[in-house]
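Observations on the three-dimensional arrangement
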Amino acid sequence: MLKIGLTGGIGSGKSTVSKKLDEMGAFVVDADKIAREIVEPGEPALAELAEEFEGILNEDGTLNRQELARQAFASREATKKLNSITHPRIRERTDELFHEAELEGEKVLVYDMPLLIENGEADRVDHVLVVDAPDDVRVKRLTQYRNLDEKDARARIDAQIDRETRLAVADTVLDNSGDLEELMEQVESFWDEVV
Ligand code: ATP
C-alpha cells in the first residue's frame, strides 16, 4: 500500500485535493476529522481535558472549542498540556486506520494532515504531496469562501511554517495558484505517475 501524506497551508486547497483523491479510489484518513472525534462526549480525551482546563464543557456535555482554544493557546505550557492529551489519541486512531486500510487490501492511502511537517509525521508516509498557492491567493480565497477577514487570514498564515519549509519536504507539489480545473488536472497526472 502506498501511503501519501497530503498537506499544505491554510486555504491552500487540501480538502479539494483530498476529495478528488477519494473519488479516484484512495482510502482517505482525515486528521482534522479524527481530532474532532477524539473529543466527542464519552471519549476519554474530553474528560481529561475537562479536568485540566476549567469551564470548557457546554451544558450538553460537548466541547466548547473556543474556550479550550482561549486557555490552551494562552501559554506554551498550556498548549503542551493540550497536545499531551490529544496527540497520543490521534496517533492511536490514525495507526488503527492505517492498519485497517492495509488489512482491507487498499492500494493507496491518503493521510490528509495539515500539520504533517510541523508535527514531524512526514516519515509515516512514502510520499509527501504538498498543495501550494501564494499567500495572497490563499488570503483571497479564505476571505471569499471562509468568511475570515483579511487580517485574520494573514495572521493564520503567518502562524504556520512558511511555504519554503513545506516545499523543501515535498516529493510532489501541486500548484494551486490557478483555477480548479488546473488543480484537478494536476491531481490526475500525479495519480497516473505515482500511483
Ligand atoms: P483549510 O486549511 O482551511 O482546511 P484547505 O487547504 O483544505 O483549507 P480548501 O478548503 O480545499 O483548502 O480550499 C479553500 C477554499 O478555496 C475552498 O472554498 C475551495 O473551494 C476554494 N478553492 C480551492 N482551490 C481553488 C481554486 N483553484 N480556485 C478557486 N477556489 C479554490
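Just so we're clear, the structure is a prediction, and the values are computed from it rather than from any experiment. (Residues numbered from 1 in each chain as written. Predicted model: local features only at pLDDT ≥ 70, side-chain atom pairs only at ≥ 80, totals over all residues. Heavy atoms only, no water.)

**Regarding the packing of aromatic side chains**
In this structure the tally under the stated criterion is 1 aromatic pair. Geometrically, the ring pair formed by Phe98 and Tyr111 is edge-to-face, given 5.3 Å between the ring centres and 85 degrees between the ring planes. Taken together, the positions of Phe98 in helix α5 (residues 76-103) and Tyr111 in strand β3 (residues 108-112) put the pair 13 residues apart, joining distant regions of the chain. The ring of Phe98 has Arg124 sitting right over it, with the charged end atom 4.9 Å from the ring centre. (Phe/Tyr/Trp six-rings, centres within 6.5 Å; stacked < 30°, edge-to-face > 60°. Helix = DSSP H or I, 4+ residues; strand = E, 2+ residues; numbered from the N terminus. Lys NZ or Arg CZ within 6 Å of the ring centre and 35° of its normal.)

**Notes on a negative patch on the surface**
Taken together, the side chains of Asp175, Asp179, Glu181, Glu182 and Glu185 make up a negatively charged region of the molecular surface. No other element matches helix α9 (residues 180-194), which puts 3 residues into the negative patch. Among the structural elements, Glu185 can be located in helix α9. (Patch = residues over 30% accessible without salt bridge, like charges linked within 9 Å, V, L, I, M, F, W, Y side chains within 5 Å. Areas by Shrake-Rupley, 256 points an atom, 1.4 Å probe, with all protein chains shown as cover. Salt bridge = Lys/Arg side-chain N within 4 Å of Asp/Glu carboxyl O. Lys, Arg positive; Asp, Glu negative; His and termini not counted. Charge placed at Lys NZ, Arg CZ, Asp CG, Glu CD.)

**Observations concerning the pattern of salt bridges**
This model, assessed by the stated rule, comprises 15 salt bridges. Where Asp95 meets Arg91, a salt bridge forms, and the shortest distance between an N and an O atom there is 3.7 Å. With Asp95 and Arg91 both in helix α5 and 4 residues apart, this pair spans about one turn of that helix. The exposure class assigned to Asp95 is partly exposed, which follows from its relative accessible area of 36%. You can call Arg91 partly exposed: its relative accessible area is 39%. For Arg156, the salt bridge goes to Asp152, with nearest N and O atoms at 3.3 Å. One end of the pair is Arg156 and the other is Asp152, both in helix α7 (residues 150-158) and 4 residues apart, which spans about a single turn. We classify Arg156 as partly exposed; its relative accessible area is 40%. (Buried < 20%, exposed > 50% of the residue type's maximum accessible area, 1.4 Å probe, protein only.)

**Description of the UniProt feature "binding site: ATP" (unreviewed entry) in the protein**
What UniProt calls "binding site: ATP" (unreviewed entry) maps, in this numbering, to Gly11, Ser12, Gly13, Lys14, Ser15 and Thr16. Its relative accessible area of 12% is what places Gly13 among the buried residues. Discounting residues that sit within four places of it in the chain, Gly13 has contacts with Val131 and Asn176. Note on placement: Thr16 falls in helix α1 (residues 14-23). (UniProt positions renumbered as here; feature names shortened; annotations may be inferred. Contact = heavy atoms within 4.5 Å.)

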